[in-house]
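Summary of the model geometry
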Amino acid sequence: EKPSLWGRLCFDGSKEEVILRRHESYEKRKDKVQRNVKKVAEMKMEEERMTFRKHMALEERERQRIDGIKEDEKKRAEEEMHQAFSQLQINGANRDVVNEVI
């Protein structure tokens, strides 16, 4: 005969022993459920942290992109201003030379 996993199907013991075993089983189950609930809450919290970090990183990249665009526009505007100023100086110098010749 092959040995079974439980040995026998029914527990032979007093009513107090049955109640004690049942109570211990309930306590073990309750502890397991509480651990699982805690684990799920921790996982949810970690997921929220990771989502927040990813969102912050995305916002930082977007801010850097916008800052880069602003810097490029500023440089372009400064160059255009310097070119226009140089052109005004050249035009002003040409007028002075023409006025001297006349």
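Worth saying up front: this structure is predicted, and the values here are computed from it rather than measured. (Residues numbered from 1 in each chain as written. Predicted model: local features only at pLDDT ≥ 70, side-chain atom pairs only at ≥ 80, totals over all residues. Heavy atoms only, no water.)

1. Some thoughts on the overall build of the protein
Secondary structure summary: the protein contains one helix and zero strands in total. Split into buried and exposed, the 102 residues of the protein put 0% on the buried side. Carbon together with sulfur atoms contributes 56% to the accessible area of the protein, which is approximately 10,400 Å² in total. (Helix = DSSP H or I, 4+ residues; strand = E, 2+ residues; numbered from the N terminus. Buried < 20%, exposed > 50% of the residue type's maximum accessible area, 1.4 Å probe, protein only. Areas by Shrake-Rupley, 256 points an atom, 1.4 Å probe, with all protein chains shown as cover.)

2. Thoughts on a negative patch on the surface
Side chains of E71, D72, E73, E78, E79 and E80 sit close together on the surface and give a patch of like negative charge. Judged by relative accessible area, E73 falls into the partly exposed class, the value being 46%. (Patch = residues over 30% accessible without salt bridge, like charges linked within 9 Å, V, L, I, M, F, W, Y side chains within 5 Å. Salt bridge = Lys/Arg side-chain N within 4 Å of Asp/Glu carboxyl O. Lys, Arg positive; Asp, Glu negative; His and termini not counted. Charge placed at Lys NZ, Arg CZ, Asp CG, Glu CD.)

3. A closer look at the pattern of salt bridges
Under the definition given, this model contains six salt bridges. Between R49 and E46 there is a salt bridge, with the nearest N and O atoms lying 2.9 Å from each other. Here R49 pairs with E46, and both are found in helix α1 (residues 15-101), just three residues apart, close to one helical turn. Exposure remark for R49: the relative accessible area of 38% places this residue in the partly exposed category. Judged by its relative accessible area of 33%, E46 is partly exposed. In this structure, D67 and R63 form a salt bridge, with 2.7 Å as the shortest nitrogen-oxygen distance. On the criterion of helical spacing, the pair formed by D67 and R63 is a turn pair, its members being four residues apart in helix α1. Residue classification places R63 among the partly exposed positions, given a relative accessible area of 42%. Overlapping salt bridges bring together E46, R49 and R53 as one network.

Nothing here speaks to function; it is all geometry.
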